[in-house]
Amino acid sequence: MKRMVITFLILLLAVWGIAGGPWTPGKKHGFFQLQTTFPTRAYDKLFRSDGSTLELNRGVTDISVQAYLEYGLGKKFSIVTALPYKFVSTGNEIFPGSEMTVLPQGSLNGFGNYEIAVKYKFLDNSLVSAFSVKAEFNTGKQDMEKGLATGFDASGYSLFWHFGKGFSPKFYSFFESGYTLRTNNYSDEIRLLLETGYMPAKSFWLAIVFDYKKSMYNGSYNEQNLRQTGLYTNNQEFFAYGLKASYELKNKIGFSASTFGALWGNYVAHSVTLNIGIYKKW
């Protein structure tokens, strides 16, 4: 029965957690987290790659409820699986000055793109390194008339390399790079991530994150209505930064909070997001 419950959680409850460095939890150990991501306000602008911003006709709200699970299949192997649930909507108010046609107001909720990955740690000395392979499925919903989507209208297949080091019990850093092939004429993507963390007090961690996503511009998918909301359109890019904090109790239940914003992007929200979560280790 216990094995069935673990399998059920692996298949149904998680968000993308590959951005967790090269470390694996160990055989029969794991990490599970529930997290909510929400904007500080409804956004009304999108970044564009030329440095300009695109004014939207309506404010857009994008909220995610996420669950994360990584489970150790062995000393060096772990499985990570993901399934966010999204709430997206556009506001009633119509803003003047936009260069685009006004779309109908609306809302949409549903699952995002389901993802599952396997990570293998092949180096575990003073330096730690791993690679992971990920499959992402087209399980989102779209309402193209209103420019709303809860996920990419495509599947994706990725290979990631992870490299990191624990410099002391209170200080770590890791780097990740990956390439994603997408279906349905979406462009492929390159992803780079750097995270550095420090423990200033017992059981309390702070970290800074830099996250870069680059489109290869090799896909012809072109849904103009999605570009009026910035929701899962093609050729999205960004260079983002974030601050993370977590505190863990003695029973290995912990609490996390983070905030992320973008310095540059292409058809992504010109806004700041907040994340609040609770997790359990075993």
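Look above for the structure.
What comes next concerns the included structure. Given the structure is predicted, the values throughout are model-derived calculations rather than measurements.

What counts, and at which threshold
Residues numbered from 1 in each chain as written. Predicted model: local features only at pLDDT ≥ 70, side-chain atom pairs only at ≥ 80, totals over all residues. Heavy atoms only, no water. Core = buried A, V, L, I, M, F, W, Y, C linked by side-chain atoms within 4.5 Å. Buried < 20%, exposed > 50% of the residue type's maximum accessible area, 1.4 Å probe, protein only. Helix = DSSP H or I, 4+ residues; strand = E, 2+ residues; numbered from the N terminus. Contact = heavy atoms within 4.5 Å. Pairing = 2+ DSSP bridges. Phe/Tyr/Trp six-rings, centres within 6.5 Å; stacked < 30°, edge-to-face > 60°. Lys NZ or Arg CZ within 6 Å of the ring centre and 35° of its normal. Salt bridge = Lys/Arg side-chain N within 4 Å of Asp/Glu carboxyl O.

1. Overview of the nonpolar core
Core analysis: the biggest nonpolar cluster contains 18 residues, and Tyr43, Leu46, Leu56, Tyr186 and Leu231 have the highest contact counts within it. Looking at this core, the elements that each hand over two or more residues are β2 (43-47), β3 (53-72) and β10 (148-149). Considering each element in turn, this core owes the most residues, three residues, to β3. Setting aside chain neighbours within four positions, we find Tyr186 in contact with Phe152, Asp153, Ala154, Gly219, Tyr221, Leu226, Tyr232, Thr233 and Asn234. With five residues, the next largest nonpolar core counts Tyr172, Leu193, Ala207 and Val209 among its residues.

2. Quick word on the pairing of strand β15 (residues 237-248)
On a regular strand, one side chain projects to one face of the sheet and the next to the other, so that they alternate. Inspection of the sheet shows strand β14 (residues 204-215) paired to β15 by ten bridges, in the antiparallel sense. Its bridge partner lying in β15, Trp205 is registered against Ser246. Alignment of β15 against strand β16 (residues 253-266), held across twelve bridges, turns out to be antiparallel. Paired with Ala240 across the bridge in β16 is Ala262. Connecting β15 to the next strand, β16, in antiparallel fashion are four residues, including Lys252 with a positive phi near 65°.

3. Re the packing of aromatic side chains
In total, this model carries 21 aromatic pairs according to the counting rule given. Residues Tyr85 and Phe87 carry aromatic rings whose centres are separated by 5.2 Å and whose planes lie at 65° to one another, so their mutual orientation is edge-to-face. Among the residues examined, Tyr85 registers a relative accessible area of 27% and is labelled partly exposed. Arranged with centres 6.3 Å apart and planes meeting at 15°, the rings of Phe210 and Phe239 form a pair that is stacked. With Phe210 in strand β14 and Phe239 in strand β15, this residue pair connects regions lying 29 residues apart in the sequence. On the basis of relative accessibility, which here comes to 32%, the residue Phe210 falls in the partly exposed class. Of the aromatic side chains, those joined through ring pairs into one cluster are Trp23, Tyr172, Phe174 and Trp205. In this structure, Arg182 packs its charged tip against the face of Phe152, placed 4.3 Å from the ring centre. Here the basic side chain of Arg227 rests over the ring of Tyr267, its NZ or CZ set 4.4 Å away from the ring centre.

4. A word on the pattern of salt bridges
Counted by the stated rule, this structure contains 14 salt bridges. Residue Arg41 is joined to Asp44 by a salt bridge in which the shortest nitrogen-to-oxygen separation is 3.9 Å. Judged by relative accessible area, which is 45%, Arg41 ranks as partly exposed. The partner of Lys281 in a salt bridge is Glu248, and the shortest N-O contact between them spans 3.2 Å. In this pair, Lys281 is assigned in strand β17 (residues 273-281) and Glu248 in strand β15, connecting sequence segments 33 residues apart. When salt bridges that share partners are traced, they join Glu115, Lys134, Glu136, Arg182, Glu189 and Lys213 into one network.

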